[in-house]
Amino acid sequence: MTTYKKIIDTLIKEEIATEFYRFQGSNSFEYFNIKSNKFDDSKHYIYFSGTRNHHYYFTIRRIRQQLNKVVLNDTPYNISNKELKNEESFKKITNIVLNQENIKNLKSISLIIDKNYYKLLKENSVYNMVKKQSPYLIERVDRKLYGGGYGVSNAWLDLLNDLTLFSSCIRITSIDILNILKNMRREKKLASPYLISNILDTKERTYRMSDNLYNDFHKYNIMNDLETIYEQKMYSEDSSFGRNPSTNIRDILTSYQKTREKILRLADNSYHKY
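Residues numbered from 1 in each chain as written. Predicted model: local features only at pLDDT ≥ 70, side-chain atom pairs only at ≥ 80, totals over all residues. Heavy atoms only, no water.

1. Observations concerning the overall build of the protein
Within the protein, the regular secondary structure consists of 12 helices and 10 strands. Relative to a compact globule of 274 residues, whose C-alpha radius of gyration would be 19 Å, the protein shows 21 Å and is just as compact. Taken along its principal axes, the extent of the C-alpha atoms in the protein is 65 × 55 × 25 Å. Looking at the 274 residues of the protein, the share that counts as buried comes to 50%. A separation of at least 24 residues holds for 77% of the contacts in the protein among residues at least 6 apart in sequence. Across the protein, 44 positive and 32 negative side-chain charges occur, with their mean positions spaced 6 Å apart. (Helix = DSSP H or I, 4+ residues; strand = E, 2+ residues; numbered from the N terminus. Rg over C-alpha atoms; globule rule 2.2 N^0.38 Å. Buried < 20%, exposed > 50% of the residue type's maximum accessible area, 1.4 Å probe, protein only. Contact = heavy atoms within 4.5 Å. Lys, Arg positive; Asp, Glu negative; His and termini not counted. Charge placed at Lys NZ, Arg CZ, Asp CG, Glu CD.)

What follows is the structure, encoded as structure tokens:
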């Protein structure tokens, strides 16, 4: 197990951090820049899953959509229980998938986030109809499906970048998709997270530490994000942040500094073992 993975396991076990997920590729634009380790465009709503099972469910749904609308669009086939059950159709579909150029750059992204961001999400998120009346609020999606997910933009997305501690990215290959189709055929299901969990869970994630953790002055970026959220009224008035913003901002900054120091200390302790 790598040093970063050990640190992450400690943070999650002690409820100092939580893990979010994002699927990128197909119709989900590549807003998360793997090289810079952050989301580049804060003007658009960026959606991510709050649980691993929702991430798997959403990934399956997007892959099936990509196959039906792009890969199999000009063929007599589609991803359905009827077609997958038919031996000849299944062979044709799998051959098309293996030779398809459009199934590339599909990624499963994991974000390890400071616990305070998750608390803010839960207290300040709204459903789609409310969001239309008040833009830039946090959008709550798929609440009844495996824990659901969230959509954020503007200062909320800036804060997500600034409170991300680690990230990782793994590719979903055409071989993975072929195995997903085999699982669909065997289980006679088209949207279950368990169709992909046994595939992605076996892939080793390589985590990267956020460069922000090395910056002694990064707390001021977090402070600026929170002040912007307050000034632009991008929060729920019933939340603890809405009722007492000054105390919340101070507590979040103090908590982040403690988490940052803990991460750097754990990393340094691992270094001195060698």
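Having put the structure on the table, let's press on.
2. Digging into helix α5 (residues 115-124)
Within the span of α5, buried status applies to Asn116, Tyr117, Leu120, Leu121 and Asn124. Buried residues along α5 cover an arc of 145° about the axis, so they all sit on one side. (Arc of directions from axis to C-beta.)

3. What about the packing of helix α4 (residues 87-98) against helix α8 (residues 174-187)?
Put simply, α4 and α8 touch, their axes get as near as 9 Å, and they point 160° apart. The angle between α4 and α8 places the two elements in the roughly antiparallel class. The hand of the α4/α8 crossing is right-handed. Mapping the contact onto sequence places Glu87, Phe90, Ile93, Thr94, Val97 and Leu98 in α4 and Ser174, Ile175, Ile177, Leu178, Leu181, Lys182 and Arg185 in α8. Taken together, the residues that form the contact of α4 with α8 break down as 8 nonpolar, 2 polar and 3 charged. (Axes fitted to C-alpha atoms, helices over the stretch in contact; angles between N-to-C directions. Parallel < 35°, antiparallel > 145°, perpendicular 65-115°, else oblique. Left-handed = near helix turned anticlockwise from the far one by under 90°. Nonpolar A, V, L, I, M, F, W, Y, C, P; charged D, E, K, R; others polar.)

4. Looking at the packing of helix α1 (residues 3-13) against helix α12 (residues 245-271)
Packing of α1 against α12 brings their axes to within 10 Å, and their N-to-C directions diverge by 140°. On the basis of the axis angle, α1 is oblique to α12. Crossing hand, α1 versus α12: right-handed. For the pair α1 and α12, the contacting residues are Thr3, Ile7, Thr10 and Leu11 in the first and Lys262, Ile263, Leu266, Ala267 and Ser270 in the second. Residue composition of the contact of α1 with α12, grouped by class: 5 nonpolar, 3 polar and 1 charged.

5. A look at the nonpolar core
Core analysis: the biggest nonpolar cluster contains 44 residues, and Tyr117, Val152, Trp156, Leu159, Leu160 and Phe166 have the highest contact counts within it. The element contributing the most residues to this core is α12, with 6 residues. Beyond its immediate chain neighbours, meaning those up to four positions away, Val152 contacts His44, Tyr45, Ile46, Phe48, Tyr117, Leu121, Ile138, Leu157 and Leu160. Listed in part, the 27 residues of the second largest apolar core include Val71, Val97, Ile172 and Leu200. (Core = buried A, V, L, I, M, F, W, Y, C linked by side-chain atoms within 4.5 Å.)

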